[in-house]
There are 2 protein chains.
Amino acid sequence: MSIYYQIYESLKKDLSNNLYKPGEKLPSEKVLSKRFGVNRHTIRRSLQLLKNEGILFSKRGSGIIVHDNRFKYKIGKRVRFSQNILNENYVPETTILRSEIRKASKIEAKNLEINSKHEILLIETIGKINNVPSIKTKRVISNKRFPDFFDIFQKQLSITKTLKILGVNDFFRKNTLVTAEQADSIQANLLHCKINSPLLKTTYINQDLNLIPIEYSQTWFVGERIQLALEN
Amino acid sequence: MSIYYQIYESLKKDLSNNLYKPGEKLPSEKVLSKRFGVNRHTIRRSLQLLKNEGILFSKRGSGIIVHDNRFKYKIGKRVRFSQNILNENYVPETTILRSEIRKASKIEAKNLEINSKHEILLIETIGKINNVPSIKTKRVISNKRFPDFFDIFQKQLSITKTLKILGVNDFFRKNTLVTAEQADSIQANLLHCKINSPLLKTTYINQDLNLIPIEYSQTWFVGERIQLALEN
DNA sequence: TAAGATTTGTGCGTATGTATA
DNA sequence: TTATACATACGCACAAATCTT
């Protein structure tokens, strides 16, 4: 077997043994090349394989850093999907799974503080991080208050932008509940994880500046890829 | 932008313009490096990116070949999902999306040659090739004839194996209809393709040696990744 | 069949650019 | 400002597999 591949396997083993921990730097290419007794280019080829696998990433002038694969999803007063992901230099994408207009259930009406005779708009979406589906959201919104919500959302694919167009310039969390669930078969396929693998589920209400509820929603995160960072 | 990246983009453009066709060889690294006026290593880096994307692959001593990414799925008298994929040295996997027992529709009853009062078992599955979901199947089976079908299928995850256990040692296609559809949002997410991207849809009946229908089913294939190879 | 040419794979060395510490 | 660290690019040499004569 080639030298660079042996070194790759050796480094990978060290990484899986947590010899180098997520967020930490590896020794420099110069040090590694001396340690393994090879040219720097040879080490670079080994490292490239680990970068391709997303285990490492490099910063020019700084060093090579062990990737913490779990995405740190910030949950605070203002939770913004796309912004959260762009802030960490990843690429966000939202796709619509389905939508529905129907009468509110008791719980939905209570949480949205609307009459239970009123209709709600339900939207289910998949959120992707770097093209990997990892977040599923089910939103319930008053259809009476925002009759054009879906039409706009379909084009914008962003809650923040849609609400802005509808005149809601800011909104924030009233509360957030975090629970754990197991993925069922449909969720496993949609979220690209295995059946029964753990999901983080958040249930929350977003309200406007007048404290009026806008949406009552639930979001599922793939536990293996995402960690929730709670803020004040 | 770096030279190797510009060359990568140039080659990628040529490939998408079908200047080099699937199965064909590219000019050798030596020729390419002279053509672009760079060192051979520089060309190799450009090519490596295209190899990583699965667009090219190389054979030592032979050359660099344009990959035909589309999987050749054989449709003939006997169609066997797992075997089809194993035969081409890929890894098959089946996951269950959902199942349902209900009364047969008129069309289902007619195609299964059963009384329309009878119940049918509906199973929706996702078929993966090398872990990439690319095939969705919706099967309708007589629940009266095979009351234990789902219990067995759930463990076996194979129609062939399930039927064998149920005493049906062989089965074959009565007919197959091929049509084209566009992926809707749910299909796009399940099959990891874009909305409106083309799907190949087959509608067919599998029957046993006594010509009695076993299943009336529909299968969707992602057109970008799969081509159907019709056999006699 | 065998020898030689071609083509990709691996490895080292050197030099310079660019970003960070 | 200086030193360090990663990024890019060229050149040389040889190995390994394949193709051609």
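Before any of the text, the structure's been laid out above.
Heads up: these notes are all about the structure in this document.

Calculation notes
- Residues numbered from 1 in each chain as written.
- Chains lettered and ligands numbered in written order.
- Predicted model: local features only at pLDDT ≥ 70, side-chain atom pairs only at ≥ 80, totals over all residues.
- Heavy atoms only, no water.
- Contact = heavy atoms within 4.5 Å.
- Buried area = accessible area lost by both parts, 1.4 Å probe.
- Polar contact = N/O pair within 3.5 Å; in protein donor to acceptor, adjacent residues only side chain to side chain.
- 1 Å grid on protein atoms, 1.4 Å probe; cavity = no way out; pocket = protein on both sides within 12 Å on 5 of 7 lines; lining within 4 Å.
- Points joined across faces, edges and corners; volume = space filled by probe spheres on them.
- Helix = DSSP H or I, 4+ residues; strand = E, 2+ residues; numbered from the N terminus.
- Nonpolar A, V, L, I, M, F, W, Y, C, P; charged D, E, K, R; others polar.
- Least-squares fit on C-alpha atoms with pLDDT ≥ 70 in both.
- Near = heavy atom within 4 Å.
- Pairing = 2+ DSSP bridges.
- Axes fitted to C-alpha atoms, helices over the stretch in contact; angles between N-to-C directions.

At the interface, 13 residues of chain A touch 14 residues of chain B. Across the interface of chain A and chain B, roughly 1,100 Å² is buried in total on both sides, 48% from carbon and sulfur atoms. When the buried area of chain A at its contact with chain B is split by residue, Leu97(A), Asn189(A) and His192(A) rank highest and sum to 44% of it. Applying the counting criterion to the chain A and chain B interface returns six residue pairs in polar contact (both at pLDDT 80 or more).

So, on to the layout of surface pockets. Empty space within the largest pocket amounts to approximately 1,600 Å³. If you trace the largest pocket, you find 42 residues lining it, with Arg44(A), Arg45(A), Gln48(A), Arg45(B) and Gln48(B) closest to the centre. At the level of secondary structure, the elements contributing two or more residues to the lining of the largest pocket comprise α3 (40–52), β1 (56–59) and β2 (63–66) of chain A together with α3 (40–52), β1 (56–59) and β2 (63–66) of chain B. Of the residues contributing to the lining of the largest pocket, the split by class is ten nonpolar, 19 polar and 13 charged.

Further remarks concern the relation of the copies chain A and chain B. Laying chain A over chain B is done by rotating through 180° and shifting 1.3 Å along the axis; what remains is an RMSD of 1.9 Å. Read as a symmetry element, the transformation amounts to a two-fold axis. Measuring from the rotation axis to each C-alpha of chain A, the shortest distance belongs to Leu190(A), at 2.9 Å. Most of the interface of chain A is mirrored in chain B, where 100% of its interface residues again form contacts.

So, on to the protein's contact with DNA strand D. Among the 24 residues in the neighbourhood of DNA strand D, the closest are listed as Ser58(A), Ile3(B), Thr42(B), Arg45(B) and Arg60(B). Within 4 Å of the protein, the contacting atoms of DNA strand D are drawn from sugar and phosphate to the extent of 72%. Measuring from a sugar or linking oxygen of DNA strand D, one finds a side-chain N or O atom of Arg60(A) at 3.3 Å. Residue Ile3(B) places a main-chain N or O atom 2.4 Å away from a phosphate oxygen belonging to DNA strand D. Put simply, the parts of the chain that give the surface near DNA strand D at least two residues each are α3, β1 and β2 of chain A together with α1 (3–16) and α3 of chain B.

In this section: the protein's contact with DNA strand C. Close contacts around DNA strand C come from 24 residues, with Ile3(A), Thr42(A), Arg60(A), Arg40(B) and Ser58(B) the closest. Backbone sugar and phosphate groups make up 70% of those atoms of DNA strand C lying within 4 Å of the protein. Note that a phosphate oxygen of DNA strand C is positioned 3.2 Å from one of the backbone N or O atoms of Tyr4(A). Separating a phosphate oxygen of DNA strand C from a side-chain N or O atom of Lys51(B) is a distance of 3.2 Å. If you list the elements that add at least two residues to the surface near DNA strand C, you get α1 (3–16) and α3 of chain A together with α3, β1 and β2 of chain B. Looking at side-chain class alone, the surface near DNA strand C contains four nonpolar, twelve polar and eight charged residues.

Mapped onto the fold, Leu177(A) is located in strand β7 (residues 171–182). Ignoring anything within four residues of it in the chain, the contact list for Leu177(A) reads Lys201(A), Thr202(A) and Thr203(A).

It is worth spelling out the sheet that holds strand β5 (residues 119–129) of chain B at this point. All names here are of chain B. Strand order across the open sheet formed by six strands is β4-β5-β6-β9-β8-β7, with antiparallel pairing between neighbours. Strands at the two margins of the open sheet, each flanked by one partner only, are β4 (92–103) and β7 (171–182). On average, each strand axis in the sheet is inclined to that of its neighbour by 15°, with strand direction left out of account. Note: β7 against strand β8 (residues 198–208), eleven bridges, orientation antiparallel. Each bridged residue has a counterpart across the sheet, and for Phe 172 the counterpart in β8 is Gln 207. Across the face of the sheet, helix α6 (residues 149–156) comes into contact with β4, β5 and β6 (132–142) while running at roughly 10° to β5.

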